[in-house]
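Close look at the chain arrangement
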Amino acid sequence: MNQTPGVEKESEPSPASVKSSSKIFCCFLVFLGFATSLKLAYSSGYLHRASEPVNSAETLNQDKRAQEGATVLAILNGEMDIHNVPLLNRTKAMCLAAIAKGSFLAIPEEVQDKEIAIAVAKSEPILLSTLRADLSDEDVVEAAVRTNPARAVIHIPSQLKTDRILCLALERGQDIFLEIPQTKATCKKAVEQNPAMLGLVPKELRTPEICLIAAQKAQDILTSYIPKEHRKILGEQGISVALWQ
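These lines cover the structure that appears in this document, whether it is placed above or below. Given the structure is predicted, the values throughout are model-derived calculations rather than measurements. (Residues numbered from 1 in each chain as written. Predicted model: local features only at pLDDT ≥ 70, side-chain atom pairs only at ≥ 80, totals over all residues. Heavy atoms only, no water.)

1. Regarding the pattern of salt bridges
Inspection of every chain in the model, using the stated rule, returns 14 salt bridges. A salt bridge links E124 to R151, with the nearest nitrogen and oxygen atoms 3.0 Å apart. Placement of the pair is E124 in the loop between α4 (114–123) and α5 (138–147) and R151 in helix α6 (residues 149–155), with a sequence separation of 27 residues. On the basis of relative accessible area, E124 is assigned to the buried category, the value being 11%. (Salt bridge = Lys/Arg side-chain N within 4 Å of Asp/Glu carboxyl O. Helix = DSSP H or I, 4+ residues; strand = E, 2+ residues; numbered from the N terminus. Buried < 20%, exposed > 50% of the residue type's maximum accessible area, 1.4 Å probe, protein only.)

2. A closer look at the nonpolar core
If you look at the biggest cluster of nonpolar residues, it comprises 52 residues, and the most contacted ones within it are I82, I107, V120, L131 and L198. Broken down by secondary-structure element, the contributors of at least two residues to this core are α2 (57–76), α3 (92–100), α4, α5, α6, α7 (163–171), α8 (184–193) and α9 (208–217). Dropping the residues within four chain positions of it, I82 is found in contact with I75, R90, M94, C95, A98, S103 and L105. (Core = buried A, V, L, I, M, F, W, Y, C linked by side-chain atoms within 4.5 Å. Contact = heavy atoms within 4.5 Å.)

3. A closer look at the environment of T186
Inspection of the secondary structure assignment puts T186 in helix α8. Take T186: its relative accessible area is 0%, and that puts it in the buried class. Each C-alpha atom, one on T186 and one on C167, is 5.6 Å from the other, the two residues being 19 residues apart in sequence. Contacts of T186, omitting those with residues within four sequence positions, involve D163, L166, C167, L170, F177, I180 and P181.

4. Some words on the packing of α8 against α9
Taken N-terminus to C-terminus, the directions of α8 and α9 make an angle of 5 degrees; their axes are 9 Å apart at the nearest point. As judged from the angle between their axes, α8 and α9 are roughly parallel. Residues K184, C187, K188, V191 and E192 of α8 pack against E209, I210, I213, A214 and K217 of α9. Residue composition of the contact of α8 with α9, grouped by class: 5 nonpolar, no polar and 5 charged. (Axes fitted to C-alpha atoms, helices over the stretch in contact; angles between N-to-C directions. Parallel < 35°, antiparallel > 145°, perpendicular 65-115°, else oblique. Nonpolar A, V, L, I, M, F, W, Y, C, P; charged D, E, K, R; others polar.)

In structure tokens form, the structure reads like this:
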């Protein structure tokens, strides 16, 4: 074919360049399609931001609290026994519910605290020995004594059997007098509660003060309860001498 003079013939693209351009265009279409799909998936909720995971910690905590609440309610309603709950899964709330229902149970050490100890003391003092030793103090023991003095004085630690605690127990039941350490304070409290208790007071603790308390409350008290050496003292306190004859 003849070329027109003065006009250069336009060069045709080489097959290699056409093939390269086609690949680039195809890659662009693929990327565009992927971006569009990603946008649709994100807007539809299939994908979530990293800051909003499907199972967020807050959602898990809410589910855990809801499950715990349902378990506590079931225990309180008598629909479930806490013994069916694995030891490591027993929460403080579950244990308090079980204690309130009078259930004997093992309490995980990590949930044991003062509130748990007081609840146990009020329910069953014998279980105090199953708790951490550092939880037993005078407040816990007092709670036990106020609720169940007869059992409490047997099971509370010896170092916590103070005169105050023992006298508190005597106020709620004199039948425990022979079960507790007998001191001047406990003997005085026992006689104040019931003058006839003087007969159970060890002779070495029958002081003039204690004998006077008994005599003032019961004029017909047996003279054999009063040591002879105290009778003159009592007479000086206004107690009839005839009482001792």
